[in-house]
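What follows is the residue order along each chain.
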Amino acid sequence: MVDYSKWDHIEVSDDEDDTHPNIDTPSLFRWRHQARVERMEEAKKEKQQYISGSTETRKCIEETRQKLEQLTTSGRVETEEAQKLKRELTEFQKQEDEWRKKEEDLSRKERLTPWNVDTLSKDAWQKTIINKYEPKAEPTDEELNARHKTFVQKNESLVKKFGMLKKWDDSMQFLSDNINLACEETANYLAIWCIDLEVDDKHGLMAQVAHQTVVMQYILELAKSMHEDPRACVRPFFTKIKTADKLYIDCFNDELESFKERVRGRAKARIDDAMKQAEEEMRKEREERLGPGGLDPVEVFENLPKKLQECFESKNIELLQTVLMEMEPEDAKYHMKRCIDSGMWVPDAKTQEALIGNREEEETPKTEEPEYATLDK
């Protein structure tokens, strides 16, 4: 047969009690609850006092017995020290008896205390599960490029505004208002911007943006060390940096100077690469321009006399014939040969003979009026 007597005295249904109309029921319930909590706290303190006192007494009894055993082993049972230890042991045993009676009183009070909402039930068992931190898989280069491109398209103006801020409070407030900027993409964009500014010889502006780049890098490093999202580390970083000691500030400044040196190195390397690329392109263009004789038409044209340059610019063959007739035969032959070797002039046999070959006949003096060859049109 089931015994239901344990349910006879329960302090749970305070709100079901009938109260006098002149009594403030909510206040009465609060007072009852407060009084019950105070009684429970007092009983808890009394139990803790019993546990600590009884444990200490048992510890003293064990120590005293061990000392007596040592004296007995050494044959000093009748000494004054042994008698003192016996008296102490007797006293400790009396205290233990008192603590035993106290334990019985506490057990009886606990049995007689009505159950309430706090003692009616208890956990049969409990279990705490802490998820292990598992780092995400490293994204591929294509994913990183696509993510960076999308981020820049959406937030480029905001990132540039952040890069121009100079005060700690302004930076903290701006990132708090635009918390999505606390990420790796912002640091990457600012770093690239620093290199672009250094290439354009904007050294002062580069130093300003470099400061904000290091700020973002510190936030990312703090998040990484704490295994937190960078967005949760914005305020902690600025709170720390504003009240940091000299050592922390010096470390920050050293990292800033080191970053600016790396930016200058990357900018110089970019400029050198651009110059090498330009030189290579110029070399390829020159090779493509070379004529059948291996000469560059640009160089040949620049070395031509002014009148010959005008002839080739206007593409006037009659004017070219006239200029060549006015020149010394050797000079005319020299320049026309260079024009042919560079591909600037590709004459047929008859035209070439008219422009150059007939000049050799003019070198022999004649008594009669010389005849000049004309260009076939």
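Predicted, not measured: the structure shown is a model, and the values here were computed from it.

## Re helix 1 (residues 25-73)
Reasoning step 1: Between its first and last C-alpha, helix 1 extends 72 Å over 49 residues, near the 72 Å set by a 1.5 Å rise per residue.
Reasoning step 2: Gly 75 sits one or two residues past helix 1 and shows a positive phi near 80°.

## A few points about the nonpolar core
Reasoning step 1: Judged by nonpolar contacts, the single largest core of 39 residues is most densely connected at Phe 162, Leu 175, Phe 237 and Phe 238.
Reasoning step 2: Contributions of two or more residues to this core are made by helix 3 (141-163), helix 4 (168-177), helix 5 (184-199), helix 6 (203-226), helix 7 (234-242) and helix 8 (246-289).
Reasoning step 3: Considering each element in turn, this core owes the most residues, 10 residues, to helix 6.
Reasoning step 4: When sequence neighbours within four positions are dropped, the list of residues in contact with Phe 238 reads Trp 168, Ser 171, Met 172, Leu 175, Val 215 and Ile 219.
Reasoning step 5: Grouped together as the second largest cluster of nonpolar side chains are 13 residues, Cys 311, Leu 324, Ala 332 and Met 336 included.

## Describing the packing of aromatic side chains
Reasoning step 1: Tallied over the entire structure, the rule returns eight aromatic pairs.
Reasoning step 2: For the pair Tyr 50 and Trp 99, a centre-to-centre distance of 6.1 Å together with 55° between the ring planes defines the contact as tilted. Residue Tyr 50 is found in helix 1, and its partner Trp 99 is found in helix 2 (residues 80-112); the two are separated by 49 residues along the sequence.
Reasoning step 3: Here the aromatic rings of Trp 168 and Phe 252 are separated by 5.8 Å at their centres, their planes lie at 70°, and the arrangement is edge-to-face. Placement of Trp 168 in helix 4 and of Phe 252 in helix 8 is noted, with a sequence separation of 84 residues between them.

## Points about the packing of helix 5 against helix 8
When two helices pack together, their arrangement is captured by the angle between the axes and the distance separating the axes.
Reasoning step 1: The N-to-C vectors of helix 5 and helix 8 enclose an angle of 60°; their axes lie 9 Å apart at closest approach. It follows that helix 5 is oblique to helix 8 by the angle criterion. In terms of crossing hand, the pair formed by helix 5 and helix 8 is right-handed. Taken together, the residues of helix 8 that come into contact with helix 5 (itself represented by Ala 191, Cys 194, Ile 195, Asp 196, Glu 198 and Val 199) are Phe 259, Val 263, Arg 264, Arg 266, Ala 267, Arg 270 and Ile 271.
Reasoning step 2: Residue classes in the contact of helix 5 with helix 8 are distributed as eight nonpolar, no polar and five charged.

## Points about a negative patch on the surface
Reasoning step 1: Judged by side-chain charge, Glu 56, Glu 62, Glu 63 and Glu 69 come together as a negatively charged surface patch.
Reasoning step 2: Examined against the element boundaries, Glu 63 turns out to sit in helix 1.
Reasoning step 3: A residue is classified by how much of its surface remains accessible, and Glu 63, at 38% relative accessible area, is partly exposed.

## Brief notes about the packing of helix 7 against helix 8
Reasoning step 1: Axis separation between helix 7 and helix 8 bottoms out at 9 Å; the angle between their running directions is 115°. The angle between helix 7 and helix 8 falls in the class roughly perpendicular. Across from Phe 237, Lys 240 and Ile 241 in helix 7, the residues of helix 8 making contact are Tyr 248, Ile 249 and Phe 252.
Reasoning step 2: Residue composition of the contact of helix 7 with helix 8, by class: five nonpolar, no polar and one charged.

## Some words on the pattern of salt bridges
Reasoning step 1: Within this structure, the stated rule accounts for 17 salt bridges.
Reasoning step 2: Its salt-bridge partner being Arg 264, residue Glu 261 comes within 2.8 Å of it at the nearest N-O pair. You can see Glu 261 and its partner Arg 264 sitting in helix 8, three residues apart, about one turn around the helix.
Reasoning step 3: In this structure Arg 264 comes out as partly exposed when scored by relative accessible area, which is 32%.
Reasoning step 4: Close ionic contact of Lys 268 with Asp 272 constitutes a salt bridge, the shortest N to O distance being 3.2 Å. Taken together, the positions of Lys 268 and Asp 272, both in helix 8 and four residues apart, correspond to about one turn of that helix.
Reasoning step 5: Classification of Asp 272 as partly exposed rests on a relative accessible area of 29%.

## Details of unusual backbone geometry
Reasoning step 1: Its identity as a non-glycine residue notwithstanding, Asp 201 has a phi of 65°, on the positive side.
Reasoning step 2: Here Asp 201 shows up in the loop between helix 5 and helix 6.
Reasoning step 3: The phi angle at His 227 is positive, at roughly 55°, despite the residue not being glycine.
Reasoning step 4: Tracing the backbone shows His 227 in the loop between helix 6 and helix 7.

## Some words on the confidence of the model for the chain
Reasoning step 1: Taken residue by residue, the chain gives an average pLDDT of 79. The fraction at 70 or more is 82%.
Reasoning step 2: Here residues 358-377 is modelled with pLDDT under 50, and outside its nearest four sequence neighbours on either side it reaches 25 contacts, counting other chains as well.

## Digging into helix 4
Reasoning step 1: What helix 4 keeps buried is the set Ser 171, Met 172, Phe 174 and Leu 175. The buried residues of helix 4 occupy an angular sector of 165° when projected down its axis, which confines them to one face.
Reasoning step 2: On its buried face, helix 4 sits against helix 3, helix 6 and helix 7.

## Concerning the side chain of Lys 260
Reasoning step 1: Structurally, Lys 260 is set in helix 8.
Reasoning step 2: Given the relative accessible area of 11%, Lys 260 is considered buried.

Scoring rules and cut-offs
Residues numbered from 1 in each chain as written. Predicted model: local features only at pLDDT ≥ 70, side-chain atom pairs only at ≥ 80, totals over all residues. Heavy atoms only, no water. Helix = DSSP H or I, 4+ residues; strand = E, 2+ residues; numbered from the N terminus. Expected span 1.5 Å × (residues − 1). Core = buried A, V, L, I, M, F, W, Y, C linked by side-chain atoms within 4.5 Å. Buried < 20%, exposed > 50% of the residue type's maximum accessible area, 1.4 Å probe, protein only. Contact = heavy atoms within 4.5 Å. Phe/Tyr/Trp six-rings, centres within 6.5 Å; stacked < 30°, edge-to-face > 60°. Axes fitted to C-alpha atoms, helices over the stretch in contact; angles between N-to-C directions. Parallel < 35°, antiparallel > 145°, perpendicular 65-115°, else oblique. Left-handed = near helix turned anticlockwise from the far one by under 90°. Nonpolar A, V, L, I, M, F, W, Y, C, P; charged D, E, K, R; others polar. Patch = residues over 30% accessible without salt bridge, like charges linked within 9 Å, V, L, I, M, F, W, Y side chains within 5 Å. Areas by Shrake-Rupley, 256 points an atom, 1.4 Å probe, with all protein chains shown as cover. Salt bridge = Lys/Arg side-chain N within 4 Å of Asp/Glu carboxyl O. Lys, Arg positive; Asp, Glu negative; His and termini not counted. Charge placed at Lys NZ, Arg CZ, Asp CG, Glu CD. pLDDT = per-residue confidence, 0-100. Arc of directions from axis to C-beta.

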